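Geometric and topological summary
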Amino acid sequence: YSDTPYCIEYGFATSDESEVRRGEGINYTVPPKRYGTNIQQPDGESTKEIGEPVNCKRRPRFLSCPEQPTFATNDSNLTIESRARNAHRDRITSELVFLGYASPTLPVRVDQRVTTRALSLDLSAIFPAQAKAEWLDSWSFDTLALSDEKIFTHIYNMFEDLGLFSPKLVEPQVLRRLLDLLAAQYNANPYHNFKHAADVTHTVYRLISICFRELSSHERLALMLAALGHDVQHPGRTNAYLVQTKDPLAVTYNDLSVLENMHASSLFRLLLDHPEANVLRNLQESEWRAVRKMVVSMVLHTDMSKHFDTVAQLDKLVDELEGTGGAGAELERQQLLDLVLHAADISNPCKPCELGDKWAHRVFEEFFSQGDLERSCGLPVSPNMERTSTSKARAQVGFIEVIVAPLWANVARLFPETRGLFEKLLANHSHWIDLCKEEIFENVEKSNDEKLEDLVGCPNFERHVMRALVEILPCALQSLWAICT
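Residues numbered from 1 in each chain as written. Predicted model: local features only at pLDDT ≥ 70, side-chain atom pairs only at ≥ 80, totals over all residues. Heavy atoms only, no water.

A few points about the overall build of the protein chain
Applied cut-off: Secondary structure counts use DSSP, requiring at least four H or I residues in a row for a helix and at least two E residues in a row for a strand, with both numbered from the N terminus. Relative accessible area decides the class of each residue, using a 1.4 Å probe on protein chains only: under 20% of the type maximum gives buried, over 50% gives exposed, and in between gives partly exposed. Whether two residues are in contact is decided by their heavy atoms: any pair within 4.5 Å suffices.
Along its length, the protein chain carries 17 helices and six strands. Looking at the protein chain as a whole, 48% of its 485 residues are labelled buried. In the protein chain, of all internal contacts separated by at least 6 residues, the share reaching a separation of at least 24 is 75%.

Next comes the structure, spelled out in structure tokens:
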């Protein structure tokens, strides 16, 4: 039904039980929102009631793909539906027994909507770890400090809060099996590991909850699935390295978005090879293909080679919004989904400093490992991957200024609910600037003894000092300018 789209003003949530929209002669039923009466905003900000427009005047419009049309049912159809529910119940019971989560005599009742209250099964056996629910509403959510079992429970809570448990969508035991397999499929890299995937998944969940409540259930499912599998089987090496070394993956995918193509392919191969873990198995054929198309597009869009095109598109959209007050500014739904996952994937500098530092040091550990391998193979060492000479602080400042800030500045202007994240980004930028200054002062202090005497006698002394100042001064000025503006 994407051929008959209709435009809705972004940021409007309805409190009605259901809302029927008409388009091209077909009645589409938009399911009710299930986020409760009060919506929690980040960091204790004010809440908004459902039904209240949220920043409608200066928000982009985006094309909406309606849900599947609903039809009236008669008695015969109800009989068919009851049979289908019985078959669905029997299948869940047999799978729970097979996976060891239930006994053969455990009664399992499947209602129209599957939640922890609608399922008569022991979910504590499927997700045994206890998890603090309030952590889900915090940007300080730290997957590095959690066991896999606790991460599984948190992800279950995210899926439940987004309304993704249903006989027509996802079943809890299927999600659990998928998480088991994904955790095993991710390699033990310092950065690109399962906990990174869980961190990105939580960020996507928070963005959906705060900014994008009107996404359809299929779009929410596609976003969460793409976040979980966007780096599966990552080898801990960059695309450039795989292409340069003629790695079989690069040959397979013709040097184009090598890792991203592999991630998307591996994710769907896992779903198809393991029906008991296929969270898309309850979808109709047309729905399955639509969700697959969304997931593949999002995963491929995490390729950093597409980053600057994305920033350019957002720059244009922001200019249109500021020039016309929002009239005519539209964001395609797939573009929005791609943006959400990509922004979440590079969001570590937008988190609290302590958490951002943890992930930054893990990135450099993975980079230095590749640099060591490149040196041992006689290859030129890639930028920021030389263990002995790379300044982590300067590299992080450059990453924030060149990559993260241009994207997240536009995101914050398009979706004001995310401005808190951009403020944290500025704080992290100042933090790394301070570390740059400390590195310069430490180098000067080390030269106060014999090295300083040798350096002062060197005709290049002034050049060394000026070069250090030239390297740090622009960063400090840009930080000051960002804070002032």
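A few points about the packing of aromatic side chains
Counted only if it meets this: We call Phe, Tyr and Trp rings a pair once their centres come within 6.5 Å, taking the six-membered ring for Trp, and we label the pair stacked below 30 degrees between planes, edge-to-face above 60, and tilted otherwise. Whether a charge sits over a ring comes down to the Lys NZ or Arg CZ being within 6 Å of the ring centre and within 35 degrees of the ring normal.
The tally for this structure, following the rule as stated, stands at nine aromatic pairs. Pairing Tyr-186 with Phe-194 gives two aromatic rings, centres 6.0 Å apart and planes at 65 degrees, and the pair type is edge-to-face. A connected cluster of aromatic rings, assembled from ring pairs, spans Phe-152, Tyr-186 and Phe-194. The aromatic ring of Trp-139 is capped on one face by Arg-206, whose charged end is 4.6 Å from the ring centroid. Positioned above the aromatic ring of Phe-268, the side-chain terminus of Arg-292 is 4.7 Å from the ring centre.

Quick look at the confidence of the model for the protein chain
Condition: Known as pLDDT, the predictor's per-residue confidence is scaled from 0 to 100.
Within the protein chain, residue pLDDT values average 76, and 63% of them lie at 70 or more. Low pLDDT, under 50, characterises residues 1-57; the predicted model gives this stretch 118 contacts beyond four residues in sequence or across chains. Ignoring residues within four places in sequence, the model shows residues 101-121, a span with pLDDT below 50, making 53 contacts including any to other chains.

Re the pattern of salt bridges
Applied cut-off: Salt-bridge detection follows one rule: a side-chain nitrogen of Lys or Arg within 4 Å of a carboxyl oxygen of Asp or Glu.
Per the counting criterion, the structure on display carries 11 salt bridges. Note that Arg-176 and Glu-149 form a salt bridge whose closest N and O atoms lie 2.8 Å from each other. Placement of the pair is Arg-176 in helix H4 (residues 172-185) and Glu-149 in helix H3 (residues 148-161), with a sequence separation of 27 residues. Here Arg-176 falls in the buried class, since its relative accessible area comes to 7%. A salt bridge links Glu-386 to Arg-375, with the nearest nitrogen and oxygen atoms 2.5 Å apart. One end of the pair, Glu-386, is in the loop between helix H13 (353-376) and helix H14 (392-414); the other, Arg-375, is in helix H13, with 11 residues separating them in the sequence.

Quick word on helix H9 (residues 258-273)
Basically, it comes down to this: Here the expected span of a helix is defined as 1.5 Å times the quantity of residues minus one.
Over its 16 residues, H9 extends 22 Å from the first C-alpha to the last, a length consistent with the 22 Å expected when each residue adds 1.5 Å. Among the residues making up H9, those that are buried are Val-258, Leu-259, Glu-260, Met-262, His-263, Ala-264, Ser-266, Leu-267, Phe-268, Leu-270 and Leu-271. The inward-facing, buried residues of H9 contact H4, helix H6 (217-229), helix H7 (239-244), helix H8 (248-252) and helix H10 (285-300).

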